[in-house]
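# Coordinates in review
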Amino acid sequence: YLAAAAVTGGDVTLTNICPAHLHAAASKLQETGCDIEFTDNTIHLKAPNRLGEMQKIETLPYPGFPTDLQAQFMAVACVCHGTCIISENVFENRFKHVPELSRMGARIQIKERTAVVRGGAPLLGAEVAAKDLRGGAALVIAGLAAKGKTVVEGKCFIDRGYQDMAKELSSLGAEIY
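Every value quoted in this text rests on a predicted model; they were computed, and no experiment measured them. (Residues numbered from 1 in each chain as written. Predicted model: local features only at pLDDT ≥ 70, side-chain atom pairs only at ≥ 80, totals over all residues. Heavy atoms only, no water.)

Moving on: the nonpolar core. If you look at the biggest cluster of nonpolar residues, it comprises 57 residues, and the most contacted ones within it are L29, L45, M74 and I108. The residues contacting L45, other than those within four sequence positions of it, are L2, A5, A6, G10, D11, V12, L29, C34, D35 and I36. (Core = buried A, V, L, I, M, F, W, Y, C linked by side-chain atoms within 4.5 Å. Buried < 20%, exposed > 50% of the residue type's maximum accessible area, 1.4 Å probe, protein only. Contact = heavy atoms within 4.5 Å.)

Turning our attention to the side chain of Q70. Mapping Q70 onto the fold places it in helix 3 (residues 70–79). Given a relative accessible area of 1%, Q70 falls into the buried group. (Helix = DSSP H or I, 4+ residues; strand = E, 2+ residues; numbered from the N terminus.)

Within helix 2 (residues 23–31) the residues assigned to the buried category are A24, A25, A26, K28 and L29. Where the residues of helix 2 are buried, they touch helix 1 (2–7), strand 2 (35–38), strand 3 (42–46), strand 4 (56–58) and helix 3. Phi for G33, located one or two positions after helix 2, is positive at around 105°.

The next subject is the sheet that holds strand 3. Strand order across the open sheet formed by three strands is 1-3-2, with antiparallel pairing between neighbours. Two strands in the sheet have a free side with no partner beyond their single neighbour: strand 1 (11–15) and strand 2. Sheet twist, expressed as the mean angle between neighbouring strand axes with direction ignored, is 10°. For strand 2 and strand 3, the ladder comprises four bridges, and the chain directions are antiparallel. Bridge pairing in strand 3 links I36 to L45. Strand contacts of helix 2: strand 2 and strand 3, with the helix running at about 150° to strand 2, the strand carrying the most contacts. (Pairing = 2+ DSSP bridges. Axes fitted to C-alpha atoms, helices over the stretch in contact; angles between N-to-C directions.)

Further remarks concern the environment of A4. Relative to the helices and strands, A4 resides in helix 1. In sequence terms A4 and G143 are 139 residues apart; their C-alpha atoms lie 9.5 Å from each other.

This brings us to the sheet that holds strand 7 (residues 114–118). A sheet is described by the order of its strands in space; here four strands give the open sequence 4-5-7-6, paired in mixed fashion. Edge strands, defined here as strands with exactly one partner in the open sheet, are strand 4 and strand 6 (107–111). On average, each strand axis in the sheet is inclined to that of its neighbour by 15°, with strand direction left out of account. One ladder, built from five bridges, connects strand 6 with strand 7; its direction is antiparallel. Residue pairing for strand 7: Q109 is matched across the bridge by V116. Packed on one face of the sheet, helix 3 meets strand 4, strand 5 (83–87), strand 6 and strand 7 and runs near 30° to strand 7.

A few words now on the side chain of Q72. With respect to the secondary-structure elements, Q72 resides in helix 3. Q72 gets classed as buried once you look at its relative accessible area, which sits at 3%. Excluding its chain neighbours within four sequence positions, the residues that come into contact with Q72 are A3, R134, A137, A138, I141 and Y162.

Going through the model one piece at a time under the given rule, you end up with one aromatic pair. Arranged with centres 5.1 Å apart and planes meeting at 75°, the rings of F65 and F73 form a pair that is edge-to-face. We classify F65 as buried; its relative accessible area is 5%. On the basis of relative accessible area, F73 is assigned to the buried category, the value being 3%. (Phe/Tyr/Trp six-rings, centres within 6.5 Å; stacked < 30°, edge-to-face > 60°.)

Set out below in structure tokens:
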């Protein structure tokens, strides 16, 4: 939800969270210019109109940057200004979402466990297919930032990990059908 708010220039507060679990992700969003404030069990994000550069993401075991957020933050990197290098150090074959993001206009090159994302080009709505849970969430996030209509096939993957994601994002102002 933080990534979705970031790519849409949003302002959101998440409640009932453990702030320590989100510091690695929050620091990357702060790099882009997002204003982030923590309390004991909340996080508030206010995104700028245009996201600045997020230079490098390197997935690592906790407390490092979580591999489970790599796909979603790749979607963020697609709309950020500049180039982001994403190194996937935890799991192999975690870039299944890249061809689908590319169909939306993302500029991503893969070599082994590293992706180079050249952000800043507008994403365009397209029909894309989720191949897994996290990649599906990344496609939804990219769709929120895209110009035009995006259709994400493979809702069953997304529903496995994000209960009522469409309903939650719609309640925040997203147009999801």
